Amino acid sequence: MSSAEPTFGREDIDLGELVNEVVADAQFEASAAGKQLDLSFLPGLRAHGNFDLLRLAIGNILRNAIRFAPAASTTEISTQSTLGESVVAVRDHGPGVPEFDLERIFEAFYRVAPARDSDSGGVGLGLAIAARIMALHGGGTKARNAIGGGLIVELRFPFANASADDQMDAALA
Ligand SMILES: Nc1ncnc2c1ncn2[C@@H]1O[C@H](COP(=O)(O)OP(=O)(O)O)[C@@H](O)[C@H]1O
Ligand SMILES: [Mg+2]
């Protein structure tokens, strides 16, 4: 076994296109469960990376959100831009996660409560995979409980868009 970093193709990605595909993939599952998805994205927001891996990472997060979302609730998927970072955020209206578990849910095989999670068919790898994929893109993952209930999971990418140089100039100005 090699401990070398995996290598994979990277391209310039339109984050709106990426989240659109993830939502399209998950739409059937959500509709079948009577749950809504609401997508809003910033046109032109870009990231550099592997489309298929990032689709897997965001898909893992969105499928969790759909699973925990109450019937008829709306799960929101959005892209946002902050200085030097692009963010994909998924927010559901489910039970959230106890504060002391917010970091551990990204560990492999970690599940918050066997009773609560037993019917999911998962083994606790989805978020660990997403976190690893984001780390390989120089980014990261973060979960927090939303005010008013539900979980927000954010995937953060190092540069907000193709004009990273402009952003750097702005940061240094
Ligand atoms: N949107 C969410 N709302 C509440 N809990 C969540 C959510 N997403 C993940 N979790 C918790 O984090 C744990 C780890 O998630 P994950 O790695 O995807 O594993 P799995 O889906 O196989 O249980 C889940 O078992 C669940 O307890
Ligand atoms: Mg999962």
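Residues numbered from 1 in each chain as written. Chains lettered and ligands numbered in written order. Predicted model: local features only at pLDDT ≥ 70, side-chain atom pairs only at ≥ 80, totals over all residues. Heavy atoms only, no water.

**Quick look at the sheet that holds strand 7 (residues 151-157)**
- Ordered in space as 2-4-5-7-6, the 5 strands form an open sheet in which the pairing is mixed. Of all strands in the sheet, those with a lone pairing partner are strand 2 (36-40) and strand 6 (140-145), marking the two edges. Pairs of neighbouring strands in the sheet enclose a mean axial angle of 15°, with direction left out of account.
- In this structure, strand 6 lies alongside strand 7, joined through 6 bridges in antiparallel fashion. (Pairing = 2+ DSSP bridges. Helix = DSSP H or I, 4+ residues; strand = E, 2+ residues; numbered from the N terminus. Axes fitted to C-alpha atoms, helices over the stretch in contact; angles between N-to-C directions.)

**Considerations on the site of ligand 1**
- Within the structure, ligand 1 sits among 20 residues, and Asn-64, Arg-67, Asp-92, Asp-117 and Gly-124 are positioned closest to it.
- The separation between an oxygen atom of ligand 1 and a polar main-chain atom of Gly-126 is 3.2 Å.
- Contact with the protein chains covers 96% of the free accessible surface of ligand 1, which is 530 Å².
- Top element by residues in the shell around ligand 1 is helix 2 (residues 51-68). It accounts for 4 residues.
- Grouping the amino acids of the shell around ligand 1 by side-chain chemistry returns 10 nonpolar, 5 polar and 5 charged. (Near = heavy atom within 4 Å. Polar contact = N/O pair within 3.5 Å; in protein donor to acceptor, adjacent residues only side chain to side chain. Areas by Shrake-Rupley, 256 points an atom, 1.4 Å probe, with all protein chains shown as cover. Nonpolar A, V, L, I, M, F, W, Y, C, P; charged D, E, K, R; others polar.)

**Some points on the nonpolar core**
- By size, the foremost hydrophobic cluster in this structure holds 37 residues, and its most contacted members are Leu-37, Leu-62 and Ile-105.
- Counting only elements with at least two residues in this core, the list comes to helix 1 (15-32), helix 2, strand 5 (85-91), helix 4 (126-136) and strand 7.
- Not counting the four nearest positions on each side in its chain, Leu-62 is found in contact with Val-22, Val-23, Ala-26, Leu-37, Thr-75, Ile-77 and Val-90. (Core = buried A, V, L, I, M, F, W, Y, C linked by side-chain atoms within 4.5 Å. Buried < 20%, exposed > 50% of the residue type's maximum accessible area, 1.4 Å probe, protein only. Contact = heavy atoms within 4.5 Å.)

**Quick notes on unusual backbone geometry**
- Look at Ala-72: it is not a glycine, yet its phi comes out positive at around 70°.
- As for its placement among the helices and strands, Ala-72 is situated in the loop between helix 2 and strand 4 (74-82).
- Positive phi, normally seen in glycine, also occurs at Phe-109, with a value near 70°.
- Along the chain, Phe-109 turns up in the loop between strand 5 and helix 3 (114-117).

**Some remarks on the pattern of salt bridges**
- With the rule as written, the count across this model stands at 7 salt bridges.
- Of the charged contacts in the structure, one is a salt bridge between Asp-101 and Arg-104, with a shortest N-O distance of 3.2 Å.
- Among the residues examined, Asp-101 registers a relative accessible area of 3% and is labelled buried.
- Across the pair Glu-154 and Arg-156 runs a salt bridge, and its minimum N-O distance is 2.4 Å.
- Taking the relative accessible area as the measure of exposure, Glu-154 reaches 8% and is therefore buried.
- Here the residues in one salt-bridge network are Glu-85, Arg-144, Glu-154 and Arg-156, joined through shared partners. (Salt bridge = Lys/Arg side-chain N within 4 Å of Asp/Glu carboxyl O.)

**A short note on helix 1**
- With 18 residues, helix 1 extends 26 Å from end C-alpha to end C-alpha; this agrees with the ideal 26 Å at 1.5 Å per step.
- At Ala-26, helix 1 shows its largest kink, close to 40°.
- Of the residues making up helix 1, those classed as buried are Leu-15, Gly-16, Leu-18, Val-19, Val-22, Val-23, Ala-26 and Ala-30.
- Two or three places before Gly-16, at the start of helix 1, stands the capping residue Asp-14, its side-chain oxygen 2.8 Å from that residue's backbone nitrogen. (Expected span 1.5 Å × (residues − 1). Bend = angle between axes of the 7 residues up to and from the residue.)

**Some details on the environment of Pro-95**
- Here Pro-95 is to be found in the loop between strand 5 and helix 3.
- According to the relative accessible area criterion, Pro-95 is exposed, its value standing at 55%.
- Sequence separation of Pro-95 and Pro-70 is 25 residues, and the distance between their C-alpha atoms is 8.8 Å.
- Residues in contact with Pro-95, not counting those within four places in the same chain, are Phe-68 and Arg-116.

**Some words on the packing of helix 2 against helix 4**
- Between helix 2 and helix 4, whose axes approach to 9 Å, the crossing angle comes to 145°. Between helix 2 and helix 4 lies a crossing whose hand is left-handed. Together, Leu-53, Leu-54, Leu-56, Ala-57, Asn-60, Ile-61 and Asn-64 of helix 2 and Gly-126, Leu-127, Ile-129, Ala-130, Ile-133 and Met-134 of helix 4 make up the contact between the two elements.
- Taken together, the residues of the contact of helix 2 with helix 4 sort by class into 10 nonpolar, 3 polar and no charged. (Left-handed = near helix turned anticlockwise from the far one by under 90°.)

Any functional reading would require information that these geometric values do not contain.
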